[in-house]
Amino acid sequence: MKKWNGLTLCAGIAAGKAIDARAYFGMQEAMKAPTEGEKADPKAELDRYKAALKTADHELKDLIKAAHLRVGKEEAQIFEAHRMLLLDSVFLAQVMDLIQVSNVTAEAALADITRNTASMFEEMNDDMLRGRAADVRDVGSRLMRILTGVKQEAPTFEEEGILVAEELLPGQIVGADLHGIKGVILRKGTPTGHTAILLRAMNIPAISQVDVEDVLICAKARLKDTPIIIDAKAGIAIFDPSEEIRKEYQSVLQPAAPAAAKAAPAAKAAPAAKAAPASKPAAEKPETAPAAPAAKAVPDGPHIALKANVGDVNEIDAVLGADAEGIGLMRSEFLFMDMDRLPTEDEQLEIYAEAGSRMGDLPVTIRTLDLGGDKEWKIFERNEENPALGVRGIRFSLKHPDVFKTQLRAIYRASVRGNLRIMFPMISTLDEVQLTKALIRKVQKDLDAEGSAYEKIPIGIMIETPAAALISDRLAEEVDFFSIGTNDLTQYTLGIDRTNEALARQFDAMHPAVIELIKMTVHNAHAAGIPVSVCGELAGDVRMARSWKKMGIDELSMTPAAIALIREELNR
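Residues numbered from 1 in each chain as written. Predicted model: local features only at pLDDT ≥ 70, side-chain atom pairs only at ≥ 80, totals over all residues. Heavy atoms only, no water.

Participant: Can you walk me through the overall build of the protein in this structure?
Facilitator: What the protein contains, in helices and strands, is 23 helices and 18 strands. For the protein, the proportion of its 572 residues judged to be buried stands at 54%. A separation of at least 24 residues holds for 71% of the contacts in the protein among residues at least 6 apart in sequence. Counting every atom, the protein has about 25,200 Å² of accessible surface; 52% of that belongs to carbon and sulfur. (Helix = DSSP H or I, 4+ residues; strand = E, 2+ residues; numbered from the N terminus. Buried < 20%, exposed > 50% of the residue type's maximum accessible area, 1.4 Å probe, protein only. Contact = heavy atoms within 4.5 Å. Areas by Shrake-Rupley, 256 points an atom, 1.4 Å probe, with all protein chains shown as cover.)

Now the structure itself:
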């Protein structure tokens, strides 16, 4: 038996034989091609390179559509960034200059510039830019494959097992058929990287920072079917487990059961289950309606509603397919970011109404614009040295009341076509909530005067800053529900940029300080009679499932792919 410690990318447990990724993804080796060699015709090589650029751009457009369907719209934005890099003027000029000046082949020039550019990004002090190295390698590999004439065939893994690789690039993940892959072990990768984001969206247990050569050497030295176990909850991989370890992980080492036998066990009635806190009477807050948490029971405590995070209405099929109990977070900023102008009230209305009508009686929580931080909108030019601490979330909306008012009108008008709720991001002060509610009252007054129908929908806020958690007792008096965004709450509590790969190990959403702020928020919310949800990445982390129940969390909202795993854990 041998054990390796690693870094959790996607929580979960899986077992199977080791599969060497090099047998399926070989284009990275092409990047080692030297620039020396036979001289080439610069004009012919430039023409070849330009043709490869066009082909790669078409492929990326198709990949964006595929990623949208497989993992969601937000994750598909990764490949929009690849298109921008593909046509980046500096990258293009460097490759073309090398072809012309050195009379080398397009492949040799591409290999040289890709290697140098990736190294340049990896050496930068700005950690956001450093993370672009993998994207550079991904784009370079795509161009190299096209130039060398290698056919694009999506790898298919006929046997189930654990994929072992030095690095998995985003394009490789979305472009391959990973149905046979039960887990992933990598040497490179961090929890905030694009690879980790995609693996979590696909609910594939994964760890990184592992000596993969050692793993593959062990696998080759033993019988080919010797199992390797990934316990990504604990961040470990175990090869050729002992009998004691096998018993501990018996359920994942057994062959998969038929689909009919995989259904989650029926929930048993819980004796004298603790009732979820009741919402405040509408009379106390005339402009809002109460939002009560679900009251079903599960084996050992009150029911936790499992909902989904989505980027737009195209992801609703995945939500319904996962048997989610609603949408706990519908991001609205992508409607704005996809356009080179402000979306009209009616355009927004149709999107929000479609989400409501398709979900039927199930609740849909729409988060208002959360631009800022790592999300840019070309209509509004900004020059902030630290966007994460700048004009983002509710700060942006209150700074641009006309834009905010249009979005509020659209949501309220759409409320008659679905069970909608509204949520405001990046709250830090009581004033922000009160100013927002005053604008809501103005919108309602205008709609009344026009004779436009609307519902008095529940109003909630996101608890994403230590300030909001610390004054959550006062904030709870103003709203109908809380939603805790653990990603930003961790970032601001620990003072660690969540995109900083150098600090990935220290970025711990389960840090005692973060947990204490969450507990405080839950206590204050329930004391005021309002429910609390968690919608950050920690919501879909199976390691925390039972802890949420102990804390009294009423709802969890996560990527649709994670719902089945969390439901199974809660029903144990």
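This is not the end of the story, as more comes after the structure.
Participant: So what exactly am I meant to see when it comes to the sheet that holds strand E1 (residues 2-5) here?
Facilitator: Strand pairing in a sheet takes place through backbone hydrogen bonds and is either antiparallel or parallel in direction. The strand order across the open sheet built from eight strands is E1-E8-E7-E3-E4-E5-E6-E2, with neighbouring strands paired in mixed fashion. Strands at the two margins of the open sheet, each flanked by one partner only, are E1 and strand E2 (7-10). Adjacent strand axes in the sheet meet at a mean angle of 30° when their direction is disregarded. Pairing of E1 with strand E8 (residues 236-239) involves four bridges; the strand directions are antiparallel. Looking across to E8, one finds that lysine 2 is bridged to phenylalanine 239. Helix-sheet contacts for helix H8 (residues 194-201) involve E2, strand E5 (181-186) and strand E6 (206-208), and the interaxial angle to E2 is about 55°. (Pairing = 2+ DSSP bridges. Axes fitted to C-alpha atoms, helices over the stretch in contact; angles between N-to-C directions.)

Participant: Any chance you could explain the nonpolar core here in plain terms?
Facilitator: With 80 residues, the main nonpolar core has Phe424, Leu475, Phe482, Ile518, Trp548 and Leu556 as its most contacted residues. Here the element with the most residues in this core is helix H16 (residues 401-414); it accounts for seven residues. When sequence neighbours within four positions are dropped, the list of residues in contact with leucine 475 reads Ile427, Thr429, Leu430, Val433, Ile461, Ile463, Ala468 and Phe482. Counting residues in each nonpolar core, the second largest holds 59 residues, with Ile78, Ala109, Ala176 and Ala206 among its members. (Core = buried A, V, L, I, M, F, W, Y, C linked by side-chain atoms within 4.5 Å.)

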